[in-house]
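One letter stands for each residue in the lines below.
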Amino acid sequence: MVRRRVVVRGQVQGVGYRWAARDQAVALGVTGFVQNLRDGSVLAEVEGSAAAVDAMVQWMRSGPPGATVTSIEIDADAALDTPISAGFEIRH
């Protein structure tokens, strides 16, 4: 199990990024959450097998149609000691 904390910047709010991220996470079998931040970026925490998390992070580099990702920050040292609830949720 690995966990990554990811901040995605660009035109990522108002384009369905969070909903598409949830659909992608479910398809890949990862758990975690995604939420908009006040600065216009999107924050996600993703947990699962290394291959599934890597695939999710790769998807986040471009996101859904309509999104324009200009940068992505990945924290590979996100702590596994705090549990993430089952499933993948959109936080508000």
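As recorded in an unreviewed UniProt entry, the protein goes by the name acylphosphatase, listed as coming from Herbiconiux ginsengi. Per UniProt, the comment on the protein under Catalytic activity (unreviewed entry) is "an acyl phosphate + H2O = a carboxylate + phosphate + H(+)". Looking at the protein in UniProt, the text filed under Sequence similarities (unreviewed entry) is "Belongs to the acylphosphatase family."

> Residues and numbers for helix α2 (residues 50-60), please.
For an α-helix the count is 3.6 residues per turn, leaving residues at separations of three or four pointing the same way. Residues of α2 that are buried include every one of Ala-52, Val-53, Met-56, Val-57, Trp-59 and Met-60, and no others. Seen end-on, α2 carries its buried residues on one side only, within an arc spanning 160 degrees. More than 90 degrees from the buried face of α2, the exposed residues found are Ala-51 and Gln-58. Structurally, α2 contributes buried residues whose contacts are with β1 (2-11), α1 (17-28), β3 (42-48), β4 (68-75) and β5 (88-91).

> Outline the side chain of Gln-35, listing residues and values.
Relative to the assigned elements, Gln-35 resides in strand β2 (residues 31-36). Excluding residues within four positions of it along the chain, Gln-35 makes contact with Arg-18, Ser-41, Val-42, Leu-43 and Arg-91.

> Could you give me a rundown of the packing of α1 against α2, with the residues and numbers involved?
The geometry of α1 relative to α2 is characterised by a closest axis approach of 10 Å and an angle of 155 degrees between their N-to-C directions. On the basis of their axis angle, the class for α1 and α2 is roughly antiparallel. α2 is crossed by α1, and the crossing has right-handed handedness. Where α1 abuts α2, its residues Tyr-17, Ala-20, Ala-21, Gln-24, Ala-25 and Leu-28 lie against Ala-52, Ala-55, Met-56, Trp-59 and Met-60.

> Could you give an account of the nonpolar core, naming the residues involved and the relevant values?
Among the nonpolar cores identified, the biggest contains 22 residues, and Tyr-17, Val-30, Val-34, Val-46, Met-56, Trp-59 and Met-60 are the most heavily contacted of them. Put simply, the parts of the chain that give this core at least two residues each are β1, α1, β3, α2 and β5. The element best represented in this core is α2, accounting for 6 residues.

Conventions we followed
- Residues numbered from 1 in each chain as written.
- Predicted model: local features only at pLDDT ≥ 70, side-chain atom pairs only at ≥ 80, totals over all residues.
- Heavy atoms only, no water.
- UniProt positions renumbered as here; feature names shortened; annotations may be inferred.
- Buried < 20%, exposed > 50% of the residue type's maximum accessible area, 1.4 Å probe, protein only.
- Helix = DSSP H or I, 4+ residues; strand = E, 2+ residues; numbered from the N terminus.
- Arc of directions from axis to C-beta.
- Contact = heavy atoms within 4.5 Å.
- Axes fitted to C-alpha atoms, helices over the stretch in contact; angles between N-to-C directions.
- Parallel < 35°, antiparallel > 145°, perpendicular 65-115°, else oblique.
- Left-handed = near helix turned anticlockwise from the far one by under 90°.
- Core = buried A, V, L, I, M, F, W, Y, C linked by side-chain atoms within 4.5 Å.

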